[in-house]
Amino acid sequence: MTTAPPDPLALQATLVDFALAELVRQHRTSFQPLWSAESWAKLLIWLALNCGCSGDEAGLKTFAAALGPVQTGRMRRVFFERELDDLDLQLMADPAEQQLLVLPQGPADLVLQPDAIAQALERVGLEQRVVADRSRWQRLEALVAIPWRQGEPCS
């Protein structure tokens, strides 16, 4: 039994998704302040300028339209997530959301421990942006939701 060769357009789309995700991962810490909507906007402006768009409103709108909402959403998720393999944790810390989410990459009961979560937050520089009172951290079935501090997330 033979299988059909991969569709060249599907391969191209997969390659573009992969390349954009890697580009975002490599440069997401280059734009200050980290973990902010401002840093996300700076990354998008940097990408637009490097793609030959002008930095004016019309050029940035053209770039945003070319990316489209689906690709922009994927890139934003990559921009605000961190995987900490040694702790078996993934952090989803988009400032547009009401809470930071901590997801297990291993058995939830083993890895969703408050001390490990605190270590992960400290390692990525989020400990000062979330509520420190662990009694306010909400354990759901397979994740922990941690509220942003009052006034956070910063823009």
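Refer to the structure printed above.
Since the structure is predicted, the reported quantities are computational estimates derived from the model, not experimental observations.

Student: Describe the packing of helix 2 (residues 37–50) against helix 3 (residues 57–79), naming the residues involved and giving the relevant values.
Tutor: Running from N to C, helix 2 and helix 3 cross one another at 130°; their axes reach a closest spacing of 11 Å. By the angle class used here, helix 2 and helix 3 are oblique. For the element pair helix 2 and helix 3, the recorded crossing hand is right-handed. Residues S39, W40, L43, L44, I45, L47 and A48 of helix 2 form the contact with helix 3, whose own contacting residues are L60, F63, L67, T72, M75, R76 and F79.

Student: Break down the pattern of salt bridges for me, with residues and values.
Tutor: Counting across every chain of the model gives eight salt bridges. R25 serves as the salt-bridge partner of E22, at 2.9 Å between the closest nitrogen and oxygen. With E22 and R25 both in helix 1 (residues 8–27), this residue pair falls three residues apart, about one helical turn. Among the ionic pairs, E38 bridges to K42, the shortest N-O distance being 3.1 Å. Linking E38 with K42, this pair stays in helix 2, spanning four residues, or about one helical turn. Overall, the relative accessible area of 32% leaves K42 in the partly exposed class.

Student: How would you summarise the packing of aromatic side chains if you had to cite specific residues and measurements?
Tutor: Overall, the coordinates contain four aromatic pairs when judged by the stated rule. Seen from their ring centres, W40 and F80 are 6.5 Å apart, and the 50° between their planes marks the pair as tilted. Note that W40 is positioned in helix 2 and F80 in the loop between helix 3 and strand 1 (81–84), a separation of 40 residues in sequence. Here W40 matches F80 in class, with each residue buried. Three or more aromatic residues joined by ring pairs make a cluster, and in this case those are W40, F79 and F80.

Student: A description of the packing of helix 1 against helix 3 should follow, citing residues and the corresponding values.
Tutor: Axis angle and axis distance: for two packed helices, these are the angle between their axes and the distance between the axes, and together they describe the pair. Between helix 1 and helix 3, whose axes approach to 9 Å, the crossing angle comes to 35°. When the axes of helix 1 and helix 3 are compared, the crossing they make is right-handed. Taking contact as the criterion, the partners of D17, L20, A21, V24 and R25 in helix 1 are, on helix 3, Q71, R74, M75, V78 and F79. Considered class by class, the residues forming the contact of helix 1 with helix 3 number six nonpolar, one polar and three charged.

Student: Please set out the sheet that holds strand 4 (residues 138–139) residue by residue, giving values where relevant.
Tutor: Read across the sheet, five strands follow the order 1-2-3-5-4 without closing on themselves; strand pairing throughout is antiparallel. At either margin of the open sheet sits one strand with a lone partner, and together these are strand 1 and strand 4. Here strand 3 (residues 99–104) runs beside strand 5 (residues 144–147); their pairing, made up of four bridges, is antiparallel. Bridging across to strand 5, L100 finds its partner in I146. Where helix 3 meets the sheet, it contacts strand 1 and strand 2 (89–92), and its direction lies at approximately 45° from that of strand 1. Across the sheet, helix 5 (residues 114–124) is in contact with strand 1, strand 2, strand 3 and strand 5; its angle to strand 2 comes to roughly 55°.

Cut-offs applied
- Residues numbered from 1 in each chain as written.
- Predicted model: local features only at pLDDT ≥ 70, side-chain atom pairs only at ≥ 80, totals over all residues.
- Heavy atoms only, no water.
- Axes fitted to C-alpha atoms, helices over the stretch in contact; angles between N-to-C directions.
- Helix = DSSP H or I, 4+ residues; strand = E, 2+ residues; numbered from the N terminus.
- Parallel < 35°, antiparallel > 145°, perpendicular 65-115°, else oblique.
- Left-handed = near helix turned anticlockwise from the far one by under 90°.
- Contact = heavy atoms within 4.5 Å.
- Salt bridge = Lys/Arg side-chain N within 4 Å of Asp/Glu carboxyl O.
- Buried < 20%, exposed > 50% of the residue type's maximum accessible area, 1.4 Å probe, protein only.
- Phe/Tyr/Trp six-rings, centres within 6.5 Å; stacked < 30°, edge-to-face > 60°.
- Nonpolar A, V, L, I, M, F, W, Y, C, P; charged D, E, K, R; others polar.
- Pairing = 2+ DSSP bridges.

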